[in-house]
Amino acid sequence: EEEIPFEIPASWKWVRLRDLVSFCGGFAYKSTSYVDESNNQIIRLGNVKNDNILLETNPVFISDELAENTNKYEILADDILFTMTGTRGKKDYFYTTVVGEEVLKKKKLYLNQRVGCFRNLYNINMQWLSLFLKADCITTQIFATETGTANQGNIGSDNTMALLIPLPPLAEQKRIVVKVEEMLPYCQQLVK
């Protein structure tokens, strides 16, 4: 009760992020294991920006054999990828993006270390969750638990999975996504 930061509609409920999604961390692929080209691409910190997977940014690949041996790090459609490391105090990370099926038609993708993945457990709209994770009320909580030394900032999975989330019914999640997608071009026009 004392953690609830604001009132929500009666049809919504407060949940922990861990009640909605599972967390998958990345694998520490060694640069010595990279190959020139394959259908198995490693997704590193620089490949994830808000709402984008940048496959052409410094791409690295692994062999079919290593991909098979590390298949539990394979990225699936509808996963939310997020960056877990950046510059301390700058809030230049915790970028999120939902993996679309079209991206996975080109090649198999694998999580590198410090790239996290949320996987749906609860039948929620992952587009809605990705939008919500960008909200100030969430990023403020995330960066309040930042750790690291010198210039490197990190977020941990335990603190992230403990986030308190106001969960609307599924139909409302979908309506929110549609409305945001409708309004986004107008907002971008205003910025210009």
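First, a word on what this report is: a plain description of the structure on this page.

Procedures and definitions
Residues numbered from 1 in each chain as written. Predicted model: local features only at pLDDT ≥ 70, side-chain atom pairs only at ≥ 80, totals over all residues. Heavy atoms only, no water. Axes fitted to C-alpha atoms, helices over the stretch in contact; angles between N-to-C directions. Helix = DSSP H or I, 4+ residues; strand = E, 2+ residues; numbered from the N terminus. Left-handed = near helix turned anticlockwise from the far one by under 90°. Contact = heavy atoms within 4.5 Å. Nonpolar A, V, L, I, M, F, W, Y, C, P; charged D, E, K, R; others polar. Phe/Tyr/Trp six-rings, centres within 6.5 Å; stacked < 30°, edge-to-face > 60°. Buried < 20%, exposed > 50% of the residue type's maximum accessible area, 1.4 Å probe, protein only.

## Re the packing of helix α3 (residues 126-133) against helix α6 (residues 170-191)
Helix-helix packing is described using two parameters, namely the angle between the two axes and the distance between the axes. Packing of α3 against α6 brings their axes to within 8 Å, and their N-to-C directions diverge by 65°. Between α3 and α6 lies a crossing whose hand is left-handed. Contacts between α3 and α6 involve Gln127, Trp128 and Leu131 from the former and Gln173, Ile176, Val177 and Val180 from the latter. Of the residues assigned to the contact of α3 with α6, the class counts are five nonpolar, two polar and no charged.

## Considerations on the packing of aromatic side chains
Under the definition given, this model contains eight aromatic pairs. Here phenylalanine 6 and tryptophan 14 contribute two aromatic rings whose centre-to-centre distance is 5.2 Å and whose plane-to-plane angle is 65°, an arrangement assigned as edge-to-face. A relative accessible area of 21% means that tryptophan 14 is categorised as partly exposed. Where phenylalanine 23 meets phenylalanine 82, the ring centres are 6.1 Å apart and the plane angle is 55°; that geometry is what we call tilted. Linking phenylalanine 23 in strand β2 (residues 21-24) with phenylalanine 82 in strand β8 (residues 80-83), this pair joins segments that are 59 residues apart in sequence. A network of ring pairs unites the aromatic residues Phe23, Phe82, Phe94 and Phe118 as a single cluster.

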